[in-house]
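Below are the chains, spelled out letter by letter.
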Amino acid sequence: MNAPARYAHLPEPVMPRCPAQKLLGGQKALVTGASSGIGRAIAMSLADAGADVVINYVSGEDKAQALAQELREKGTRAMAIRADVSDERQVSSMFSTMIAEFGTVDILVNNAGLQQDAPFHELTLAQWNRVLGVNLTGQFLCAREAVREFRRRGVNPEVSCSAGKILCISSVHEVIPWAGHVNYAASKGGVMLMMKSLAQEVAPYRIRVNSICPGAIRTPINMEAWDTPAAYQELMKLIPYKRIGEAEEIGRAATWLASDYADYVHGISLFVDGGMTLYPGFETGG
Ligand code: BGC
């Protein structure tokens, strides 16, 4: 078969870097909330793929510094920066420090997030504000700084096909309602439409914006759901694939989504959840 003819008005086909050159070689990544759990695994995975990494943390200074050290020992440029992502001034100073040290930002992983659960009638305004402040406003503040830097720099084809990538770490609870966790679910629902609206707005600048929506991943945030055999058995009723996920699996998804292999993937919520969003109650019912 003849190769299809080229047309002058069409762009050149995208040529992603091949893995032998390291998928994220030469890129600078900022991962928020990276001292533990999913953020830590994402930072490690991006570093393994060749990125230099800033590890943001708000507590757990020892763990953040130890991770930075571990990455440096593997030959990565890494530094830990303390900042509360819900605080505008701290976020802006974190980006200034990163740009001063690393030159730019190519990848932002908006991972910092927390739960403060309560029955709705007992949910305090402080719990509501803290969860929305970190999980949603924090993602806004970091994304805004990243977009400013991506627009300033533009595309550097030596480094990536795009001017920058934003990954929002959302949750299956951006679509699954969650009784007893109204503040958390509201924050993740907000992340979904913030991400998609932002993706629509900044696409012409070749800035890619996507979300990863983890299901039940074995981290400290949901320990109660997996630390006893009885709890684990209950959890399995919600997961068609019949196992809990591991943080490294989110790291791998993030690495692919941030890489040029995913250059035409834009504005999606990628569910990494063993099928949790497939209405598992209907496995046998209905
Ligand atoms: C929550 C976890 C929960 C999972 C599935 C995540 O977003 O942080 O606590 O286990 O969703 O329900």
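Residues numbered from 1 in each chain as written. Predicted model: local features only at pLDDT ≥ 70, side-chain atom pairs only at ≥ 80, totals over all residues. Heavy atoms only, no water.

Draft legend 1. Structural detail: helix α7 (residues 247–258). Between its first and last C-alpha atoms α7 spans 17 Å; for twelve residues at 1.5 Å apiece the expected length is 16 Å, and the two agree. Taken together, the buried positions of α7 are occupied by A247, I250, G251, A253, A254, T255, L257 and A258. For α7, the secondary structure elements touched by its buried residues are α1 (37–48), β4 (107–110), β5 (164–169), β6 (207–214) and β7 (269–272). (Helix = DSSP H or I, 4+ residues; strand = E, 2+ residues; numbered from the N terminus. Expected span 1.5 Å × (residues − 1). Buried < 20%, exposed > 50% of the residue type's maximum accessible area, 1.4 Å probe, protein only. Contact = heavy atoms within 4.5 Å.)

Draft legend 2. A look at the nonpolar core. Ranked by size, the top nonpolar core spans 37 residues in total, and within it I42, L46, V53 and I55 carry the most contacts. Secondary structure elements with two or more residues in this core: β1 (28–31), α1, β2 (52–57), α2 (61–73), β3 (78–82), β4, β5 and α7. If sequence neighbours within four positions are ignored, I42 has contacts with V31, V109, N111, I169, I250, G251 and A254. Core analysis: the next-biggest nonpolar cluster, separate from the first, contains 32 residues, L30, A143, F150 and L198 among them. (Core = buried A, V, L, I, M, F, W, Y, C linked by side-chain atoms within 4.5 Å.)

Draft legend 3. Representation of the environment of N222 in the model. With respect to the secondary-structure elements, N222 resides in the loop between β6 and α6 (229–236). Relative accessible area serves as the criterion here: at 17%, N222 is assigned to the buried category. Each C-alpha atom, one on N222 and one on V191, is 20 Å from the other, the two residues being 31 residues apart in sequence. Once you skip the residues sitting within four places of it in the chain, N222 turns out to touch A216 and I217.

Draft legend 4. Inspection of the packing of α1 against α2 at higher detail. Interhelical geometry of α1 versus α2 gives an angle of 15 degrees and a closest axis separation of 11 Å. Taken together, the axes of α1 and α2 lie roughly parallel to each other. By crossing handedness, the relation of α1 to α2 is classed as right-handed. Contact with α1, carried on its side by R40, A43, M44 and A47, involves L67, E70 and L71 of α2 and no other residues of that element. Here the residues of the contact of α1 with α2 sort into five nonpolar, no polar and two charged. (Axes fitted to C-alpha atoms, helices over the stretch in contact; angles between N-to-C directions. Parallel < 35°, antiparallel > 145°, perpendicular 65-115°, else oblique. Left-handed = near helix turned anticlockwise from the far one by under 90°. Nonpolar A, V, L, I, M, F, W, Y, C, P; charged D, E, K, R; others polar.)

Draft legend 5. Region of interest: the packing of α1 against α7. The N-to-C vectors of α1 and α7 enclose an angle of 50 degrees; their axes lie 8 Å apart at closest approach. In terms of axis orientation, α1 runs oblique to α7. Between α1 and α7 lies a crossing of right-handed hand. Of α7, the residues touching α1 (which contributes G37, I38, A41, I42, S45 and L46) are A247, E248, I250, G251, R252, A254 and T255. In terms of residue class, the contact of α1 with α7 is built from seven nonpolar, four polar and two charged.

Draft legend 6. Main features of the side chain of S45. Here S45 lies in helix α1. In contact with S45, not counting residues within four places along its chain, are G251, R252 and T255.

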